[in-house]
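One-letter residues, chain by chain:
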There are 2 protein chains.
Amino acid sequence: MGVFDSGVGGLTVVASLRSRLPALDLVYLGDTARLPYGTKSAATVARYTHRNISFLLDRGVDGIVVACNSASAMALDTLAVSVPVWGVIEPGAAAAAACSVSRVGVIATEATVRSQAYPRALHRLRPELDVRAQPCPLLVPLVEEGWLDDEVTDRVLRRYLEPLLLWGMDTLVLGCTHYPLLEPAVRRVVGPAVTLVDSAAAVSARVAEDLATSGAEVTGSAGGRLELLVTDDSPAFARLAERILDESVRLHWVDTVPATAALMESLS
Amino acid sequence: MGVFDSGVGGLTVVASLRSRLPALDLVYLGDTARLPYGTKSAATVARYTHRNISFLLDRGVDGIVVACNSASAMALDTLAVSVPVWGVIEPGAAAAAACSVSRVGVIATEATVRSQAYPRALHRLRPELDVRAQPCPLLVPLVEEGWLDDEVTDRVLRRYLEPLLLWGMDTLVLGCTHYPLLEPAVRRVVGPAVTLVDSAAAVSARVAEDLATSGAEVTGSAGGRLELLVTDDSPAFARLAERILDESVRLHWVDTVPATAALMESLS
């Protein structure tokens, strides 16, 4: 199974997949040379997404999880791929639709919010739901700085979440793979009455279910290999990866640009 | 003259150049599809820098200002270019060395700090100076969010600057092209006794001086053309560009990847 994200935040999906399916072999691709996707245009995110998928297909994966919300939101509609592809939006929306009374808040990157992917997916499932989405561009940098339990982060979250709280949301979708790391901080700000939906957990549940349905169930309580590939290997990415996976990791650098590869071959 | 940065932050250099040399024609390239550079590795930043310079040379510029501190810090040593190239580090360091009593603080991205470029440049000029550099990864996102006069930003700045204040810095280098937008906030935190050095202003002064010395002085009080090119044209970049230049702007999308261009041509 291949998993990709703009950076290492998508390892929250890997962590969740490994706890559900410990015997599943995984190839993870973090496009760290081009992160973040969440501030960029749909055309650019689509180009990067198609490139990541081609790269993973060349590696022989039999399924792909698009762990990046921005890529799932902006680039999956136009895809025809020979293996199953799971995005994070649809499972996250389904989990929220299953538990909300009437008002769903969504926090996500600017690009994901602009795409309207969550409101659309929620309304396909339950047209009567009220949905409000709030872009939160500072949360990814705060997670990457490691300020997870920090009064500055709590203040930033309060700023972003107060309009949703005043509006009366009963459910909040954490619509970015970095945000599960902020779950305790989000809980401090929203209080006990709001249901939190983690899109990373939702997609890994969906993958496990679909594999079981299709007869491709992965059994075994351990032994899945995990290969971690990144397009840029700055030390900050390794630190964040270790924090998410809670183990020491080795990131391997790869180049995903096919044109460069083609040109190199033609010159060699 | 060509100017490039990882994003639109380098327009602080353009604003400063235009106020000094209003008749100078400028081509600005913001590599917004790959920003930020400041969290990425030296190898990746060098690759992007060389590509940006080739692109600007193909446009026929007669000089290049590397407005990005991370690129100036990590990628200029290895360059042989047919036109004059100015980085921001050396002029910023010279301005700080000219006014510091003994202790210079530097705030910059993680990549610029890791490169040690400011301490090296300062020690070349005045070996006896004490220099401390503080990485500030949250400042660029805060500027891009537009929280310039905001208690959250003041708190973040206090967190980053307090160790430098306790140590007794007399001069502080704003070592990132986004930071001039935070100058009032930085002043609130450091008080009146610390001299602030703006690397964007320092490089534009150096360019004006060098052009005058070489006899290529640009005279005239208006009329310089400004072309704004970006590798990704998300609306957030246009908003920030307008805030920096204080005028309405049009960003034009370009692709700087030569291999893609070559491949496209070979296919067409």
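As a convention, each chain's residues are numbered from 1 in the sequence order in which they are written. Just so you know, chain letters begin at A and ligand numbers begin at 1, following the order they were written in. Where totals are concerned, whole chains, interfaces and linings use all residues; where local detail is concerned, this predicted model gives features only for residues with pLDDT of at least 70, and gives and counts side-chain atom pairs only at 80 or more. Each side-chain value is derived from all of the structure's non-hydrogen atoms; neither hydrogens nor water enter the calculation.

(A) View of the overall build of chain A. Comment: elements are numbered from the N terminus, with helices defined as DSSP H or I runs of at least four residues and strands as E runs of at least two. Across its full length, chain A holds 12 helices and 10 strands. Computation of the radius of gyration draws on C-alpha atoms alone. For the globule rule, the value is 2.2 Å times the number of residues to the power 0.38. Since a compact globule built from 268 residues should have a radius of gyration of about 18 Å, the 18 Å found for chain A is in line with a globular shape. Along the first, second and third principal axes, the C-alpha set of chain A runs to 60 × 40 × 40 Å. Each residue is placed in one exposure class: buried if its accessible area under a 1.4 Å probe, protein chains only, is under 20% of its type's maximum, exposed if it is over 50%, and partly exposed if it falls in between. Split into buried and exposed, the 268 residues of chain A put 59% on the buried side.

(B) A look at the relation of the copies chain B and chain A. Laying chain B over chain A is done by rotating through 180 degrees and shifting 0.0 Å along the axis; what remains is an RMSD of 0.0 Å. Taken together, these values place the two copies in the relation of a two-fold axis. Residue Arg34 of chain B of chain B places its C-alpha closer to the rotation axis than any other residue of that unit, at 2.3 Å. Taken as a fraction of all interface residues of chain B, those also at the interface in chain A reach 100%, which identifies the copy contact as same-surface. Here the copies are matched by least squares. The fit uses the C-alpha atoms of residues with pLDDT of at least 70 in both. By definition in these notes, contact holds between two residues if any of their heavy atoms fall within 4.5 Å.

(C) Geometry of the pattern of salt bridges. A pair is scored as a salt bridge if a Lys or Arg side-chain nitrogen falls within 4 Å of a carboxyl oxygen belonging to Asp or Glu. In total, this model carries 28 salt bridges over all chains according to the counting rule given. Residue Arg126 of chain B is joined to Glu128 of chain B by a salt bridge in which the shortest nitrogen-to-oxygen separation is 2.9 Å. Taken together, the salt bridges that share partners define one network made up of Asp150, Glu151, Arg155 and Arg159 of chain A together with Asp150, Glu151, Arg155 and Arg159 of chain B.

(D) Representation of unusual backbone geometry within the structure. A cis amide bond links Leu35 of chain A with the next residue in sequence, Pro36 of chain A, at an omega value of -10 degrees. Summarising the element assignment, Pro36 of chain A is placed in the loop between strand 2 (26-30) and helix 2 (42-58). One non-glycine residue, Asp246 of chain A, adopts positive backbone phi at about 60 degrees. Examined against the element boundaries, Asp246 of chain A turns out to sit in the loop between helix 11 (235-245) and strand 10 (252-253). Residue classification places Asp246 of chain A among the exposed residues on the basis of a relative accessible area of 68%. Not every positive phi belongs to a glycine, and Gln116 of chain B is a case in point at roughly 60 degrees. Mapped onto the elements, Gln116 of chain B comes out in the loop between helix 5 (110-115) and helix 6 (117-125). Given a relative accessible area of 45%, Gln116 of chain B falls into the partly exposed group.

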